[in-house]
Amino acid sequence: MSSMMWTVGPEPYDSSVAAALWRAYYTEVSDRWYELHEGRSTDPDELEREIAADTGACLAPPGGVLLVARYGGEPAGTAGVHLTDPATAELKRVFLRKELRGRGGASLLVAAAEDAARALGARRIVLDTRHDLVEARALYTRLGYLETEPHNDQAYAEHWFSKRLA
């Protein structure tokens, strides 16, 4: 599919577009975890608490940025970066709506996030993900990320990746 249908640009982390995409992202990964481990969807009250608990404020300037991908002008996904130290950025919230996957948007989002990390002064980008998110792990490997030792102690982190930024 042509990349001409895709645009990627910064978005305030607390905009209505960002909030809708965060809700879609969190619902998908939370439901996936609960379905795998407990055979059920996420409890609605827990879902609301967790969405509200992670505002994404770390993705605000000057130390971070949230990017929104649009496909044909419609919000399609997100990727964010924030500095964890002056030389290291963390990649967060990489997500594309299911119906738009396989059209090149994820690679464009991650490339834009890497550019944003460089603009923030980072020379390295890191991320964590879960074991069951096999598509994410395949994407990061395909884009040159190498699996590393843990760089954080996040509750659901099971795989850690890093990439040098030229």
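Above this note sits the structure.
Values in this document were obtained by computation on a predicted structure and should not be read as measured data.

Colleague: Help me out: how do you make sense of the sheet that holds strand β3 (residues 74-85) in this one?
Modeller: Across a sheet, paired strands are connected by hydrogen bonds in the backbone, their directions being either parallel or antiparallel. With mixed pairing, the seven strands of this open sheet are ordered in space as β1-β2-β3-β4-β5-β7-β6. Two strands bound the open sheet, and with one partner strand each, they are β1 (6-10) and β6 (146-148). Ignoring strand direction, the axes of neighbouring strands in this sheet form an average angle of 30 degrees. In the sheet, β3 pairs with strand β4 (residues 88-96) via seven bridges, with the strands oriented antiparallel. Bridge pairing links Leu 83 to Ala 89 in β4. Together, β4, β5 (124-129) and β7 (159-164) form the strand contacts of helix α4 (residues 134-142), whose direction differs from that of β7 by roughly 20 degrees.

Colleague: Sorry, what's going on with the environment of Val 68 here?
Modeller: Within the element layout of this structure, Val 68 appears in strand β2 (residues 64-71). The spacing of Val 68 and Lys 98 is 30 residues in sequence and 15 Å in space, taken between C-alpha atoms. Ignoring sequence-local partners within four residues, the contact set of Val 68 consists of Thr 7, Val 8, Gly 9, Glu 11, Val 17, Leu 21, Pro 75, Gly 77 and Thr 78.

Colleague: Teacher, can you tell me more about the side chain of Arg 130 here?
Modeller: Looking at where Arg 130 falls in the secondary structure, it is placed in the loop between β5 and α4. Within the structure, the side chain of Arg 130 is placed 2.8 Å from the side chain of Asp 132, a separation counted as a polar contact. Those residues in contact with Arg 130 that lie beyond four places of it in its chain are Val 29, Arg 32, Trp 33, Arg 137, Tyr 156, Glu 158 and His 159.

What counts, and where the lines are drawn
Residues numbered from 1 in each chain as written. Predicted model: local features only at pLDDT ≥ 70, side-chain atom pairs only at ≥ 80, totals over all residues. Heavy atoms only, no water. Pairing = 2+ DSSP bridges. Helix = DSSP H or I, 4+ residues; strand = E, 2+ residues; numbered from the N terminus. Axes fitted to C-alpha atoms, helices over the stretch in contact; angles between N-to-C directions. Contact = heavy atoms within 4.5 Å. Polar contact = N/O pair within 3.5 Å; in protein donor to acceptor, adjacent residues only side chain to side chain.

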